[in-house]
Amino acid sequence: MSEQGMVHAAEYVRRADALQTMALAAVPANVLEALRVAKRLWVVPHERPDADALGAALGLKSILGQFGAEVAVISADAPPAVYDVIPTIGDVSLEAPSWSPDAIVLVDCADPKRAGRIGDLINALPASTPRILIDHHVSNDSTWPLAWVDARAAATCEMVSLIALALKADLSADQGRLATTLAAGVIMDTATFQHGNTTPRTLEVGGLLLAAGAPISEISRKIYRSKPLAQVQLHARVLASLKSTDGGRTVFATMMLADLTETGATLEMSEGIVDALAQVSEADVAIFFKEDGPTTARISVRTKGEGPDATAVVGSFGGGGHARAAGATIERPVNEAATLVLARVTELRAHAVAG
Ligand SMILES: [Mn+2]
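Residues numbered from 1 in each chain as written. Predicted model: local features only at pLDDT ≥ 70, side-chain atom pairs only at ≥ 80, totals over all residues. Heavy atoms only, no water.

**Q** Could you clarify how one ought to interpret the packing of aromatic side chains in this entry?
**A** One pair of aromatic rings is described through two measures. These are the centre distance and the angle between the planes. Per the counting criterion, the structure on display carries 1 aromatic pair. On the basis of an interplanar angle of 80 degrees and a centroid distance of 6.1 Å, the ring pair of Phe252 and Phe289 is categorised as edge-to-face. Highlighted residues: Phe252 in strand β8 (residues 250–255) and Phe289 in strand β9 (residues 285–291), separated in sequence by 37 residues. Comparing Phe252 with Phe289, the two get one shared label, buried. (Phe/Tyr/Trp six-rings, centres within 6.5 Å; stacked < 30°, edge-to-face > 60°. Helix = DSSP H or I, 4+ residues; strand = E, 2+ residues; numbered from the N terminus. Buried < 20%, exposed > 50% of the residue type's maximum accessible area, 1.4 Å probe, protein only.)

Structure representation (structure tokens):
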């Protein structure tokens, strides 16, 4: 085995001990207690789950399982193939189990609505079933009493790692499979510790997970630097449609459904296109428009430098996210949606100038 992916037992124990006090201060006591007492839990990521939502849900299953809890991870949508990098991905169910839970946990989102059809199942549970929420999105405005929302956390998996420490669970369990599961989410949401959301705490959690057996470099390569041919062809085709506006400060590209059929790519293979757009050094706003049917468009926004807040761009269309990365679904033909969103960006720039 390579140096990466080995459990460094002494190093892990030293780091876990050093971070325990900080973890206990970070996790709200009521959330920790609710997780401690529940014996049968449903843990639910948002629909179309990414590595952070999946890693957080699967990590919780493994952590609470160490204390004897039965945990079902239930997702509205099947995980994309790229997330096979998560060694416990096979534990995701697409249907609720036959048993009813004594607590449910929603991860990496604010509202059962974001969990699609599983959210409907959550809403149908008795009101007395404790509902726990763990999320790091700044747009989270949940009113659930058992909510831990930490917008300074780079990833929900960073928060779940702290929960593990606070519960004194063993993050190095299962030959590093738990650590790998959580590291996948941190790597996803920080682009391998590159985004501005990376804090000293994120790196400390990263160091802890590395010592606990997560092969950081290998996970990063699989998520970010490995693509099927059809995906590279899709990216080439969509990036060829790149245009700019606002004097070059806004760049955008549009993916039509025909781009998928003509390259043989799947929708999930469009992952990463917005990040390629965001590489344009002259621009501070990058927008990726996706046709998702004749009257539905999905948009992803990235901003940097003096560019407007991404949540302000998508907020008027019912979307949400972070200041530098946000998204929305707009019930309009994609070209109409593009016109509206680009006008909104121009308007936000004008407001910024006006003060
Ligand atoms: Mn996340």
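**Q** How should the coordination of the manganese ion be read in this particular structure?
**A** Note on metal sites: the ideal angle is 109.5 degrees for four tetrahedral donors, and 90 or 180 degrees for six octahedral donors. Looking at the manganese ion, one finds its protein donor set to be Asp52 (OD), Asp108 (OD), His136 (NE2) and Asp189 (OD), positioned 2.1 to 2.3 Å from the metal centre. Between consecutive donor residues of the manganese ion, the sequence gaps follow D-x55-D-x27-H-x52-D. Of this pair, Asp108 sits in the loop between β4 (103–107) and α4 (116–124) while His136 sits in the loop between β5 (131–135) and β6 (146–149); the two residues are 28 residues apart in sequence, bridging distant segments of the chain. (Donors = N, O, S within 2.8 Å, 3.2 Å for Na, K, Ca; no water.)

**Q** Help me understand the pattern of salt bridges, please; the structure alone is not making it clear to me.
**A** Where charged atoms of side chains with opposite charge meet at close range, the side chains can pair. Scanning the entire structure with this criterion turns up 19 salt bridges. Measuring nitrogen to oxygen at the nearest pair gives 2.9 Å for the salt bridge that ties Arg349 to Asp246. Of the two residues, Arg349 is situated in helix α13 (residues 334–354) and Asp246 in the loop between β7 (243–245) and β8; the sequence distance between them amounts to 103 residues. Here Arg349 matches Asp246 in class, with each residue buried. For Arg302, the salt bridge goes to Asp275, with nearest N and O atoms at 3.4 Å. Of this pair, Arg302 sits in strand β10 (residues 297–303) while Asp275 sits in helix α11 (residues 273–277), and the two are 27 residues apart along the sequence. Residue classification places Arg302 among the partly exposed positions, given a relative accessible area of 23%. (Salt bridge = Lys/Arg side-chain N within 4 Å of Asp/Glu carboxyl O.)

**Q** Before we go on, may I ask you to explain the pairing of β5 in this structure?
**A** For a regular strand, side chains alternate in direction, first toward one face of the sheet and then toward the other. Where burial is concerned, most of β5 is hidden: 5 out of the 5 residues are buried. Of the two faces of β5, both are covered, the one formed by Arg131, Leu133 and Asp135 as well as the one formed by Ile132 and Ile134. Pairing of β4 with β5 involves 4 bridges; the strand directions are parallel. Looking at β5, one finds that Val107 is bridged to Ile134. Between the parallel elements β4 and β5, the chain passes through α4 in a crossover that is right-handed. (Pairing = 2+ DSSP bridges. Right-handed = clockwise from strand over helix to strand, strands pointing away.)

**Q** Would you explain the side chain of Asp189 in this entry?
**A** Here Asp189 is to be found in helix α6 (residues 177–190). Although Asp189 lies buried, it forms no salt bridge, and the closest oppositely charged side chain, Arg302, sits 8.8 Å away as judged by the N-O distance. Ignoring any residue separated from it by four or fewer positions in sequence, one finds Asp189 in contact with Asp50, Asp52, Asp108, His136, Ala154, Ala155, His195 and Asn197. (Lys, Arg positive; Asp, Glu negative; His and termini not counted. Contact = heavy atoms within 4.5 Å.)

**Q** Please explain the environment of Glu47 as it appears in this structure.
**A** Structurally, Glu47 can be placed in the loop between β1 (40–45) and α3 (51–65). Between the alpha carbons of Glu47 and Cys109 there is a distance of 9.4 Å; along the sequence they are 62 residues apart.

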